[in-house]
Amino acid sequence: MLLVVTVSILILVMIVRATWLMVRTEPDVAVSGRFSSLNRNLQNQTEIEKNLAVGLLENGQFVEAEKKFSAIATLLPDEVLALRNLAIARLLAQESGQMDLLPVQQAVDQLLQKDVGSAVTHVLAGRIAKLAGNSEASVPEFQRAVELSPEDPSVLWEAFQASQGMTDSQQNVGRQALDRAFEIEPNNLFLLTELLLAQAK
C-alpha cells in the first residue's frame, strides 16, 4: 500500500513539473494575453515560488506547498494550470492526513468548470470521489481520463488502480488499462510488477 501511495505522489508531482505556466519574454517586458497583468519581475518571482512549491511537494511538505500554490492561484485566478497545481497539492495533503476533504473538493470542482478537457482534471475528480466514499462516481471520471489520454501510462495506471475492489467488469476494464500501459512502457519495472500481481490474483 505504501508503494502505491508513493507512486501516486510521484505521478502527481511529475504532472506539476510538466505543466507550468510562465511564458518567457524579453527582460522587463510584460507578456501578452493571459499574463499581461504580470511584469517581468513578478513573473520571475512567481516562477521561483512555483519551483519552491514543487520542491516542498517532493519532500512531503504538502501543506506548505499548498500555501504557495494557493498564493499563485490567487494571483492568477483565470490560469488553469495554477488551479491544477493547487488541486494536486491539496489532494496530496489530504491523502497524507494533513487537510480536510472539503478544500480539495472545492479546488477540483473549480477545475472541472475550467479544464474539463484535461485527463488530469478527471483523474483528480476520480480520486476525490473515491476519497469521499463514492467509488461509483469515480468510474466515469477515470473512463473519461483514459478517453482523453489513451496513450499516457500514468493515466492508464490510475484507471487500473481505481478499479481495484470494484465489480468484476470494472476490474476487467482496469486490467485492460494496465495491459495497455505496459504495452506503451514495456521496460517499466513498476508496471511489470503490477501486471504480475494482477495475473496472480
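If you're wondering where the values come from, they're calculated on a predicted model, not measured in any experiment. (Residues numbered from 1 in each chain as written. Predicted model: local features only at pLDDT ≥ 70, side-chain atom pairs only at ≥ 80, totals over all residues. Heavy atoms only, no water.)

### Some words on the overall build of the protein chain
Across its full length, the protein chain holds 10 helices and zero strands. Counting helices and strands in the order they occur from the N terminus, the protein chain gives α-α-α-α-α-α-α-α-α-α. Across the 201 residues that make up the protein chain, the buried fraction comes to 45%. Nonlocal contacts in the protein chain, meaning residues at least 24 apart in sequence, comprise 53% of its contacts between residues at least 6 apart. Approximately 10300 Å² of the protein chain is accessible, and the part contributed by carbon and sulfur atoms is 54%. (Helix = DSSP H or I, 4+ residues; strand = E, 2+ residues; numbered from the N terminus. Buried < 20%, exposed > 50% of the residue type's maximum accessible area, 1.4 Å probe, protein only. Contact = heavy atoms within 4.5 Å. Areas by Shrake-Rupley, 256 points an atom, 1.4 Å probe, with all protein chains shown as cover.)

### Describing the nonpolar core
Grouped together as the largest cluster of nonpolar side chains are 29 residues, with contacts concentrated most on Leu57, Phe69, Ala87, Val108, Leu111 and Leu124. Elements that contribute at least two residues to this core include exactly α2 (40–58), α3 (62–75), α4 (80–95), α5 (101–114) and α6 (119–131). Examining the composition of this core, we find that 10 residues originate from one element, α4, more than from any other. With 18 residues, the next largest nonpolar core counts Ala145, Leu156, Phe190 and Leu191 among its residues. (Core = buried A, V, L, I, M, F, W, Y, C linked by side-chain atoms within 4.5 Å.)

### Quick look at the packing of helix α9 (residues 168–184) against helix α10 (residues 189–200)
Running from N to C, α9 and α10 point in directions that differ by 145°, and their axes come no closer than 10 Å. In this structure, α9 crosses over α10, and the sense of that crossing is left-handed. Across the interface between the two elements, Arg175, Leu178, Asp179, Ala181 and Phe182 from α9 touch Leu191, Leu192, Glu194, Leu195, Ala198 and Gln199 from α10. Of the residues that constitute the contact of α9 with α10, the class distribution is seven nonpolar, one polar and three charged. (Axes fitted to C-alpha atoms, helices over the stretch in contact; angles between N-to-C directions. Left-handed = near helix turned anticlockwise from the far one by under 90°. Nonpolar A, V, L, I, M, F, W, Y, C, P; charged D, E, K, R; others polar.)

### A look at a nonpolar patch on the surface
Among the surface-exposed residues, Leu189, Leu192 and Leu196 lie close enough to one another that they form a single nonpolar patch of about 290 Å² accessible area. For Leu189, a relative accessible area of 64% gives the class exposed. (Patch = residues over 30% accessible without salt bridge, like charges linked within 9 Å, V, L, I, M, F, W, Y side chains within 5 Å. Salt bridge = Lys/Arg side-chain N within 4 Å of Asp/Glu carboxyl O.)

### Some remarks on the environment of Ile72
Looking at where Ile72 falls in the secondary structure, it is placed in helix α3. According to the relative accessible area criterion, Ile72 is buried, its value standing at 4%. Each C-alpha atom, one on Ile72 and one on Glu49, is 8.0 Å from the other, the two residues being 23 residues apart in sequence.

### Describing the packing of α6 against helix α7 (residues 135–148)
Relative to each other, α6 and α7 sit at 165°, their axes nearing to 8 Å. Relative to α7, the element α6 lies roughly antiparallel. The hand of the α6/α7 crossing is left-handed. Contacts from Ala119, His122, Val123, Ala125, Gly126, Arg127, Ala129 and Lys130 of α6 reach α7 at Ser135, Ala137, Ser138, Glu141, Phe142, Arg144, Ala145 and Leu148. Split into classes, the residues belonging to the contact of α6 with α7 amount to eight nonpolar, four polar and four charged. (Parallel < 35°, antiparallel > 145°, perpendicular 65-115°, else oblique.)

### A closer look at the pattern of salt bridges
Oppositely charged side chains can form a pair if their charged atoms are brought close together. In total, this model carries 10 salt bridges according to the counting rule given. Here Arg175 and Asp179 are joined by a salt bridge, their closest N and O atoms 3.1 Å apart. In this pair, Arg175 and Asp179 are both assigned in helix α9, four residues apart and thus about one turn of the helix distant. You can call Asp179 partly exposed: its relative accessible area is 26%. What emerges from the salt-bridge pattern is a single network uniting Glu95, Arg127 and Glu158.

### A word on α6
For α6, with 13 residues, the first-to-last C-alpha span of 18 Å sits near the 18 Å given by 1.5 Å per residue. In terms of residue burial, α6 counts as a mostly covered element, since 11 of its 13 residues are buried. Every buried residue belonging to α6 is among Ala119, Val120, Thr121, His122, Val123, Leu124, Ala125, Gly126, Arg127, Ile128 and Ala129, and all of these are buried. Here α6 starts with a cap whose side-chain oxygen sits 3.2 Å from the backbone nitrogen of Val120, and that cap is Ser118. Where α6 ends, the next residue or the one after it, Gly133, has phi of about 85°, a positive value. (Expected span 1.5 Å × (residues − 1). Polar contact = N/O pair within 3.5 Å; in protein donor to acceptor, adjacent residues only side chain to side chain.)

Note that all results are geometric; they support no functional claim without further evidence.
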